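# Analysis of the macromolecular model
Read off the chains here:
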Amino acid sequence: MSQPRIGLLGAGRIGVMHAGLLAPRVGGLVVADSRAERAEHAASLYGAEVRSPEGLLAATDLDGLVIATSTDTHADLICRAVRLGIPIFCEKPIALDIPSTRRAGDAAKQANVPVHVGFQRRFDPAYTTARQRVAAGTIGDLRRIHMGTLDQAPAAREFLAASGGIYTDCLIHDFDVLRWVSGREVEEVFAFGTDLGLADFADFGDVAETTVTMRMEDDILVTAHSSRFNGAGYDVRMELHGTAGTDVVGMDERLPVHSLEPGTTYPSGEPWIDFIARFKDCYERELDAFLAIITEGAGVPSTIDDAVAALRIAAACGISRREHRPVRIAEVEGMDA
């Protein structure tokens, strides 16, 4: 196949980023958004065609579709888009609850349409190397994992309202890459969190700061934390502690920390400011993988089944925080996130 023609639903912040990455890679780009001015802005930047969302979902001239709308619209859009019979890329998560995620997955399977879910950390070289080293036993028997995603500043209230909360929106990336790197499933969680008394979080039952303890298969213990107020910069790390060594992802020269050890200059670079800057190369690789599905029939790197597994962990964390108790992942099967 020559360069494919791609439709892009959603021209907000991440949609515009996808438009910029797709434009030089495809034979044609068609953009749609519920707010026409946003679609027109993205199209003007990258020479794309503009259509209405309804027009895009009825198109007959597309080879693939990218969904980058708000989270609460993803599942319904997938259920409608599978009728086009073309591969779909959808930003994570697929939905805010497990039944809706499964419904989208069932629709895609019945239509025999591949859906690639946007867990971009799977395309980061350090996470990939960590996965390979765990599988090879390079660090010995895996015993403990510590990880976290810390935002420099909160997103806009409009985004937070539709995000599903810190576990479903933010830490879901950690939950996915935890499964992918370790090759194991989470069995139980215990989560604490606080909204700091701020309406932007309290109004939606969300938290601004959280810590989570998890127990995985083989009794591997995991701690994860997240913040919307990490003023030093955007901080994403994963530490893997084994009986023969320790590996760390994210400890580069742009790590937003300040060492107090005498004479230490590390890290010396400018801190990361957000997830787009930190993972730009990964977003490029994941879209290349999506285009390979279209042009080469390549396999799907992260599936809706993976999205369900990560969402079950997020749902368990939400229950644990609200009910102040440990929650087994098996409890949340079929429950809302």
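So, here is what we can say about the structure in this document. (Residues numbered from 1 in each chain as written. Predicted model: local features only at pLDDT ≥ 70, side-chain atom pairs only at ≥ 80, totals over all residues. Heavy atoms only, no water.)

## Side note on the overall build of the protein
Tallying secondary structure elements over the protein gives 12 helices and 13 strands in all. Its C-alpha atoms give the protein a radius of gyration of 20 Å, near enough to 20 Å, the size a compact globule of 337 residues would have. Dimensions of the protein along its principal axes, counting C-alpha atoms only, are 60 × 45 × 45 Å. Counting all 337 residues of the protein, 52% fall into the buried class. Excluding contacts between residues fewer than 6 apart, the proportion of contacts in the protein whose partners are at least 24 apart in sequence is 69%. Summed over all atoms, the accessible surface of the protein reaches about 14300 Å², with 50% contributed by carbon and sulfur. (Helix = DSSP H or I, 4+ residues; strand = E, 2+ residues; numbered from the N terminus. Rg over C-alpha atoms; globule rule 2.2 N^0.38 Å. Buried < 20%, exposed > 50% of the residue type's maximum accessible area, 1.4 Å probe, protein only. Contact = heavy atoms within 4.5 Å. Areas by Shrake-Rupley, 256 points an atom, 1.4 Å probe, with all protein chains shown as cover.)

## Some thoughts on the packing of helix α6 (residues 125-136) against helix α9 (residues 172-182)
In contact at an axis separation of 7 Å, α6 and α9 are set at 40 degrees when each is read in the N-to-C sense. Considering the angle they form, α6 stands oblique to α9. Contacts between α6 and α9 pair Y127, T128, A130, R131 and V134 from the former with V177, W180, V181 and S182 from the latter. Its residues assigned to classes, the contact of α6 with α9 shows six nonpolar, two polar and one charged. (Axes fitted to C-alpha atoms, helices over the stretch in contact; angles between N-to-C directions. Parallel < 35°, antiparallel > 145°, perpendicular 65-115°, else oblique. Nonpolar A, V, L, I, M, F, W, Y, C, P; charged D, E, K, R; others polar.)

## A short note on the pattern of salt bridges
Scanning the model with the defined rule gives 33 salt bridges in all. Among the salt bridges present, the one from R143 reaches D141, with a minimum N-O distance of 4.0 Å. Residue classification places R143 among the partly exposed residues on the basis of a relative accessible area of 42%. As a salt-bridge pair, D169 and R228 come within 2.9 Å of each other at their nearest N and O atoms. Taken as a pair, D169 in helix α8 (residues 166-169) and R228 in the loop between β10 (221-227) and β11 (235-242) lie far apart in primary sequence, 59 residues in all. Given a relative accessible area of 8%, D169 falls into the buried group. On the basis of relative accessible area, R228 is assigned to the buried category, the value being 3%. When salt bridges that share partners are traced, they join R122, D176, R179, E185 and D306 into one network. (Salt bridge = Lys/Arg side-chain N within 4 Å of Asp/Glu carboxyl O.)

## Here we look at the packing of helix α1 (residues 13-22) against helix α11 (residues 275-296)
One way to put it is that α1 packs onto α11 with a least axis distance of 10 Å and a crossing angle of 55 degrees. One finds that α1 runs oblique with respect to α11. Note on packing geometry: the crossing formed by α1 with α11 is right-handed. Only F275, I276, K280, Y283, E284, E286, L287 and L291 of α11 make contact with α1, whose side of the interface consists of R13, I14, M17, H18, L21 and L22. (Left-handed = near helix turned anticlockwise from the far one by under 90°.)

## Regarding a nonpolar patch on the surface
The grouping of L196, L198 and F229 at the surface amounts to a nonpolar patch, some 250 Å² of accessible area in total. For L198, the location among the structural elements is in the loop between β8 (186-194) and α10 (199-202). (Patch = residues over 30% accessible without salt bridge, like charges linked within 9 Å, V, L, I, M, F, W, Y side chains within 5 Å.)

## A few points about the side chain of D206
With respect to the helices and strands, D206 occurs in the loop between α10 and β9 (209-216). Although D206 lies buried, it forms no salt bridge, and the closest oppositely charged side chain, R228, sits 4.6 Å away as judged by the N-O distance. (Lys, Arg positive; Asp, Glu negative; His and termini not counted.)

## Structural notes on the nonpolar core
Counting residues in hydrophobic clusters, the biggest one holds 105 residues, and the most contacted among them are I145, Y167, V189, M214 and M238. Here this core gets 11 residues from one element, more than from any other, and that element is helix α12 (residues 304-323). Residues in contact with I145, not counting those within four places in the same chain, are L178, S182, M216, I220, L221, V222, T223, M238, E239 and L240. (Core = buried A, V, L, I, M, F, W, Y, C linked by side-chain atoms within 4.5 Å.)

## As for the side chain of S320
With respect to the element layout, S320 can be found in helix α12. Take S320: its relative accessible area is 0%, and that puts it in the buried class. Contact partners of S320, with chain neighbours within four places excluded, come to V189, F190, A191, R325 and V327.

## Focus: the packing of aromatic side chains
If you walk through the whole model with that rule in mind, you get four aromatic pairs. Ring geometry for F201 versus F229: centroids 6.0 Å apart, planes at 65 degrees, classification edge-to-face. Linking F201 in helix α10 with F229 in the loop between β10 and β11, this pair joins segments that are 28 residues apart in sequence. Look at F229 and you get partly exposed, because its relative accessible area is 37%. Arranged with centres 6.5 Å apart and planes meeting at 65 degrees, the rings of F275 and Y283 form a pair that is edge-to-face. We note R254 situated over the ring of W272; from NZ or CZ to the ring centre the distance is 3.8 Å. A cation over an aromatic ring shows up here: R278 above the ring of W272, its NZ or CZ 5.9 Å from the ring centre. (Phe/Tyr/Trp six-rings, centres within 6.5 Å; stacked < 30°, edge-to-face > 60°. Lys NZ or Arg CZ within 6 Å of the ring centre and 35° of its normal.)

## Notes on the sheet that holds β9
Read from one edge to the other, the open sheet built from seven strands follows the order β12-β11-β7-β10-β9-β8-β13, with strand pairing classed as mixed. Edge positions in the sheet fall to β12 (246-249) and β13 (327-328), since each has one partner strand and no second. Where β9 lies against β10, seven bridges are found, and the strand directions are antiparallel. Its bridge partner lying in β10, T211 is registered against H225. Its contacts with the sheet put α9 on β7 (142-150), β8, β9, β10 and β11, and the angle it makes with β7 is roughly 150 degrees. (Pairing = 2+ DSSP bridges.)

Any functional reading would require information beyond the geometric quantities listed.
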